[in-house]
Amino acid sequence: RRRILDVGCGNGTLSLFLRNADNYVLGIDPSERSVHRANEKNMYSNAAFILTSFEDFQPNDQSFDAVIFVASIHHMNMVEALEKAKSMLEENGILILPSSM
């Protein structure tokens with residue numbers, strides 16, 4: 001079972017797409033409206049959405065197999081965000097930073 005952190009999850013569309021029988025997805029976003037919408041759409045026990053910024057997010061000893069930043073890392077100090085994300089990854093975990101076309 002893989003654990004995925006979706007940073008800046010918005011309304012949860014990507015998080016819910018990535019969620020399946022083998023994955024648990026945690027979406028975080030600093031927008032109360034976005035997290036509310038994501039929680040309204042979520043009907044799964046293996047997906048969750050939390051109102052927090054990545055800077056304030058406390059993983060509480062959680063680690064992830066993947067950390068995804070889609071259109072969110074540019075809102076942060078990139079070096080600090082990448083270091084924090086790396087510290088939360090499992091061994092052989094992946095960091096996903098899609099580039100815009």
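Structure first, text after, so check above.
Now for a quick tour of the structure. All of these numbers come straight from a predicted model, not from anything done at the bench. (Residues numbered from 1 in each chain as written. Predicted model: local features only at pLDDT ≥ 70, side-chain atom pairs only at ≥ 80, totals over all residues. Heavy atoms only, no water.)

**Considering the overall build of the protein**
Argument step 1. The helix and strand tally for the protein stands at three helices and five strands.
Argument step 2. Helices and strands in the protein line up, N terminus first, as β-α-β-α-β-β-α-β.
Argument step 3. Here the protein has a C-alpha radius of gyration of 13 Å; the compact-globule value for 101 residues is 13 Å, and the two agree.
Argument step 4. Dimensions along the principal axes, computed over C-alpha positions, put the protein at roughly 35 × 30 × 30 Å.
Argument step 5. Here the protein, with 101 residues, has 41% of them falling under the buried criterion.
Argument step 6. Contacts spanning at least 24 positions in sequence make up 54% of the contacts within the protein whose residues lie at least 6 apart.
Argument step 7. Positive and negative side-chain charges of the protein, numbering 9 and 13 respectively, have mean locations separated by a distance of 7 Å. (Helix = DSSP H or I, 4+ residues; strand = E, 2+ residues; numbered from the N terminus. Rg over C-alpha atoms; globule rule 2.2 N^0.38 Å. Buried < 20%, exposed > 50% of the residue type's maximum accessible area, 1.4 Å probe, protein only. Contact = heavy atoms within 4.5 Å. Lys, Arg positive; Asp, Glu negative; His and termini not counted. Charge placed at Lys NZ, Arg CZ, Asp CG, Glu CD.)

**Some remarks on the nonpolar core**
Argument step 1. Leu5, Val7, Phe54, Val67 and Phe69 are the most contacted members of the largest nonpolar core, which has 16 residues in total.
Argument step 2. Of all the elements in the fold, those that place two or more residues in this core are strand E1 (2-7), strand E2 (23-29), strand E4 (64-69) and helix H3 (78-88).
Argument step 3. When near neighbours in sequence (up to four residues on either side) are disregarded, phenylalanine 69 contacts Val7, Phe54, Met76, Ala81, Ala85, Leu95, Ile96, Leu97 and Pro98. (Core = buried A, V, L, I, M, F, W, Y, C linked by side-chain atoms within 4.5 Å.)

**A look at the pairing of strand E3 (residues 47-51)**
Put simply, side chains in a regular strand alternate between the two faces of the sheet.
Argument step 1. By the bridge criterion, five bridges tie E2 to E3 in an arrangement that is parallel. Paired with glycine 27 across the two strands is phenylalanine 49, which belongs to E3.
Argument step 2. As a crossover connection, the stretch from E2 through helix H2 (residues 32-41) into E3 is right-handed. (Pairing = 2+ DSSP bridges. Right-handed = clockwise from strand over helix to strand, strands pointing away.)

**Overview of the sheet that holds E2**
Each strand in a sheet pairs with its neighbour through backbone hydrogen bonds, running either in the same direction (parallel) or in the opposite one (antiparallel).
Argument step 1. The strand order across the open sheet formed by five strands is E3-E2-E1-E4-E5, and the pairing between neighbours is parallel. Only two strands of the sheet have a single partner each, and these edge strands are E3 and strand E5 (89-96). Averaged over all pairs of adjacent strands, the angle between their axes in this sheet comes to 20 degrees, without regard to strand direction.
Argument step 2. The pairing of E4 with E5 spans four bridges and is classified as parallel. If you follow isoleucine 68 over to E5, its bridge partner there is isoleucine 96.
Argument step 3. Lying on the sheet, H2 is in contact with E2 and E3; it crosses E3 at an angle near 160 degrees. (Axes fitted to C-alpha atoms, helices over the stretch in contact; angles between N-to-C directions.)

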